[in-house]
Every structure is written in structure tokens, then in C-alpha cells.
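# Coordinates in review
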Amino acid sequence: MKKYLIPALILAMAASMTGCGRDKPSSASANSNVSSSETTEAASDETEAETTAPAEEKTEEATTEEADGTKETETESTEPSEDDFQEPSREPQDLSGIAGYWYIDGDASAASLHISNDGKFEAYYAIGIKEASGYIIREYSKEIPGYYFVMYLDSGEKYMTFDDDGSEQKNDIYLQGENTVHYVRLYGEGGLADDGRGPGEEFCGSWMCDRANLEITQETDTEFHAVIKWGASASAHAEWDYPLVLENGKLVCSGKGTKTFVEYKDAGSEPEKTVEYTDGSAEFEMSGSDIKWNDKKEHSGDDMLFKADIYA
């Protein structure tokens, strides 16, 4: 009986040891679980690093751009854009500050320049023949830097330039082309003296052309009077007398002009006067800063331009 009891006890103890072993993981299983946990944590750390890294890089890039000054807030620029350097516009401009009649060095017998309020110009030789015409544009120059006036011919070719000193009214300019020429404004756009007497006042005053002298006076708002004396010799001259009215910017005499030949026989006697006609017609019109005489009776004034007599 004892022989059978001992083997049974041995079998029971073995079974008990086997059952307890199922509740405890083996060393291999434990190592496997630890490894898996470390891998998961590492993967999580990498994901977090990838998520935060771009933000850090962007912040660093932004800081670099601000430090280099390459990324700036856009602000309104006062410097002219590229459009300011395109083909000059021929649209009318208000250039009344430089409008008027200009003469070289202020000499009324020298070459002249007429600038209108809208920026158109006409240049004349001293003898009164037109040299050039065109328009003026105020432009910006990067080289100066600043604004200046550019005179363009009617063809679009650049003619001359002069500086813009910022003053509203100019009476003294230096035209720069092949040579620098000094011009002085003697009269405003309103005409000779520009004294505000109204339309037609630019005709009034004394004018000269060779041996001929023209004197125009204003009698009423629309009525004027002109006398031309043209020397034939030291003791004789022809004289034209015209009553005039203002019509469409011209002074007009319609069939009431008188021509008289005046001769002094000797120094102590009255001159002899011979009336040649009393039905003359004529027109006077401004040509730049000069006056053109259109004698419709005998065409005596063809190609004549009277300039202001500054010594009168």
C-alpha cells in the first residue's frame, strides 16, 4: 500500500507545478513585451518631433527673413512708378505758371518763345520767323532726381529742357539743348503788360519793324486805333491811320483806313500831306509775341512782324 502512495504523491506535485507555470510569463515573453513597449514609445516620440519640427523651422525662417530685411510690410511709395517713364502724354496740362512771352536775356528784339496755359509753345527767331512749335511735359528724372520740363516738337522729338525749381510762377529759365540759353519772361499770357484791361489789350503799345513804327491805343472795350509811320527818307514817310474793332481775337478795320504821304520841304515849314486813299482795310493779329499787319488794300504789310518797342 505504501508502494502505491509514493508514486501518486509525486504525480500530484508535478501537476501542481505545471499549473502555476501558466500564470507566470516566461522570460522570453517578458523581454518581447518590453521591447514592444519601447518601440511604441519611440514611434510616438518621432511622430511628435515631426509634428513640432516644421513649426520651429518656419519660425526660424521668419526670423531670418526679418533680420535680412527681405520680408517687409508693403507701404505706399512716393517714388514715381515705371509709368512715369513711358512715352510722354500729350494730354493738356495746366502750365499757366510759365505761360507768356519769353525773350533771350530779356531783350525784346532777340529770339522769343511763347508758352500757352495748356503747355503748347512756339519758338521764333529774332526776325519773327517761327523756328519750332510743340508741347511741354513736366516729367520726373531719376538722375536729378526731381521734376523738370521737357519741350517736345510736334513730331514727338525732344527739343529742349529746363529745370523745375518748384516755384508757382517763373520769370527766368535756362533752356538746355545743344547750348544753354537764358530766357526772361517779359509779359504774361494775358499780353503786353498783362494789366487786366481785358481782351485786346495785348495789342496796345509801341511796335517796331525795320523803318516802320506801329502805335496802337485802346479807346473803348472793343474799339482801338492804329497808326503806322514808315520812313521813306530822312524828310518823308508814309502814314496809315486805322480805326479798329476787336473781332475774334483780331483788330479789324473795314474800309475806313487812310493812307497819307507826309514830306517836309524844309526844317522851318509845316509838312506837305498827300492823302492817297481813305477806304483802306486791314487786320492786326498776334503772332507769338509779335504783331502781324495784313494790309488788304495794297498788301504793304506782307511778311512784316512788329516787335514790342522796349524803348518807347
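Every chain is numbered on its own, with residues counted from 1 as its sequence reads. In keeping with the model being predicted, local features are shown solely for residues with a pLDDT of at least 70 and side-chain atom pairs are shown and tallied solely at 80 or more, while totals for entire chains, interfaces and linings include all residues. Excluded from the side-chain calculation are hydrogens and water; included are all heavy atoms of the structure.

## Details of the overall build of the protein chain
Across its full length, the protein chain carries 2 helices and 16 strands. In this scheme, a residue with accessible area under 20% of its type's maximum is buried, one over 50% is exposed, and one in between is partly exposed, where area comes from a 1.4 Å probe on protein chains only. Residues classed as buried in the protein chain amount to 33% of the 312 residues present. Contact between two residues is taken to exist if any of their heavy atoms lie within 4.5 Å; hydrogens are not considered. Taking the contacts inside the protein chain whose residues are at least 6 apart along the sequence as the reference set, 39% of them involve residues at least 24 apart. With an accessible surface of roughly 20200 Å², the protein chain has 49% of that area assigned to carbon and sulfur atoms. The helix and strand labels rest on DSSP assignments: H or I over at least four residues marks a helix, E over at least two residues marks a strand, and numbering proceeds from the N terminus. Only the protein chains shown count as cover for residues, and the accessible areas themselves come from Shrake-Rupley with a 1.4 Å probe.

## Considering the pattern of salt bridges
The working definition used for a salt bridge is a side-chain nitrogen of Lys or Arg within 4 Å of a carboxyl oxygen of Asp or Glu. Tallied over the entire structure, the rule returns 11 salt bridges. Lys-130 serves as the salt-bridge partner of Glu-122, at 3.2 Å between the closest nitrogen and oxygen. In this structure, the salt-bridge partner of Asp-279 is Lys-297, at a minimum N-O distance of 3.0 Å. Of this pair, Asp-279 sits in strand β14 (residues 272-287) while Lys-297 sits in the loop between β15 (290-295) and β16 (305-308); the two residues are 18 residues apart in sequence, bridging distant segments of the chain. Note on Asp-279: relative accessible area 41%, which makes it partly exposed. You can call Lys-297 partly exposed: its relative accessible area is 38%. Each of Lys-250, Glu-283 and Lys-296 takes part in one network of salt bridges that share partners.

## Observations regarding the nonpolar core
The set of buried Ala, Val, Leu, Ile, Met, Phe, Trp, Tyr and Cys residues whose side-chain atoms join them within 4.5 Å is what this entry labels a nonpolar core. Residues Leu-214, Tyr-242, Phe-284, Trp-293 and Phe-306 are the most contacted members of the largest nonpolar core, which totals 28 residues. With 4 residues, the top contributor of residues to this core is strand β12 (residues 236-247). Those residues in contact with Tyr-242, other than ones at most four positions away along the chain, are Phe-224, His-225, Ala-226, Ile-228, Cys-253, Gly-257, Ser-281, Ala-282, Phe-284, Trp-293 and Asp-295. One finds Ala-111, Phe-121, Ile-173 and Tyr-183 within the second-largest nonpolar core, a separate group that totals 19 residues.

## Examining the sheet that holds β16
Should DSSP find at least two bridges between two strands, the strands are regarded as paired. What the 8 strands build is a closed barrel, ordered β9-β10-β11-β12-β13-β14-β15-β16; its pairing is antiparallel. For this sheet, the mean inter-axis angle between neighbouring strands, taken without regard to orientation, is 30°. Judged from the 2 bridges that link them, strand β9 (residues 205-209) and β16 form a sheet pairing that is antiparallel. Within β16, the position partnered with Met-208 by the bridge is Lys-307. Axis definition: a line fitted to C-alpha atoms, over the contacting stretch in the case of helices. Angles run 0 to 180 degrees between N-to-C directions.

## Thoughts on a nonpolar patch on the surface
Note on patches: the residues involved have over 30% relative accessible area and no salt bridge, like charges join within 9 Å, and the nonpolar side chains Val, Leu, Ile, Met, Phe, Trp and Tyr join within 5 Å. A contiguous nonpolar surface patch, about 330 Å² in accessible area, is contributed by Tyr-125, Ile-127 and Ile-129. Structurally, Ile-127 can be placed in the loop between β3 (120-124) and β4 (130-141).

## Section: unusual backbone geometry
Of note in the backbone geometry, Asp-210 takes a positive phi value of approximately 55° without being a glycine. A positive phi angle, near 65°, is found at Asp-303, a position not held by glycine. Locating Asp-303 in the fold gives a position in the loop between β15 and β16.

## Comments concerning the pairing of strand β5 (residues 146-153)
Of all 8 residues in β5, 7 are buried, a share of seventy percent or more. Here β4 hands over to β5 after 4 residues, the two strands then running antiparallel side by side. With 5 bridges connecting them, β5 and strand β6 (residues 158-163) associate as antiparallel partners. Note that in β6 the partner of Tyr-152 across the bridge is Lys-158. Here β5 folds back onto β6 in antiparallel fashion, the turn holding 4 residues, of which Gly-156 has a positive phi close to 100°.

## Overview of the confidence of the model for the protein chain
Across the protein chain, the average pLDDT comes to 75, with 67% of residues at 70 or higher. Ranking the helices and strands of the protein chain by mean pLDDT puts strand β13 (residues 250-263) first, with 95, and helix α2 (residues 27-68) last, with 45. With pLDDT under 50 throughout, residues 46-67 is counted as low confidence; its partners more than four residues away or in other chains account for 2 contacts. Note on scores: pLDDT gives the predictor's confidence for each residue, bounded by 0 and 100.

## Let's talk about the packing of aromatic side chains
In this scheme Phe, Tyr and Trp rings, the latter by its six-membered ring, pair at centre separations within 6.5 Å, and the angle between planes marks the pair as stacked below 30 degrees, edge-to-face above 60, and tilted otherwise. In this structure the tally under the stated criterion is 8 aromatic pairs. Centroid distance Phe-121 to Tyr-159: 5.7 Å. Interplanar angle 15°. Geometry classified as stacked. With Phe-121 in strand β3 and Tyr-159 in strand β6, this pair connects stretches of sequence that are 38 residues apart. Taking the centre distance of 5.2 Å and the plane angle of 75° together, the rings of Tyr-140 and Tyr-147 count as edge-to-face. You can call Tyr-140 buried: its relative accessible area is 17%. An aromatic cluster is built from Trp-230, Trp-240, Trp-293 and Phe-306, whose rings are joined through pairwise contacts. Either the NZ atom of lysine or the CZ atom of arginine qualifies as a charge over a ring when it sits within 6 Å of the ring centre and within 35 degrees of the ring normal. Residue placement shows Arg-138 over the ring face of Tyr-147; its charged tip is 4.1 Å from the ring centre.

## Considerations on the environment of Glu-285
Turning to its location among the elements, Glu-285 is positioned in strand β14. The partly exposed category is assigned to Glu-285, whose relative accessible area is 26%. Linking Glu-285 and Gly-249, residues 36 residues apart in sequence, is a C-alpha distance of 7.2 Å. Once residues lying within four places of it in the same chain are set aside, the contact partners of Glu-285 are Phe-203, Lys-250, Asp-290, Ile-291 and Lys-292.

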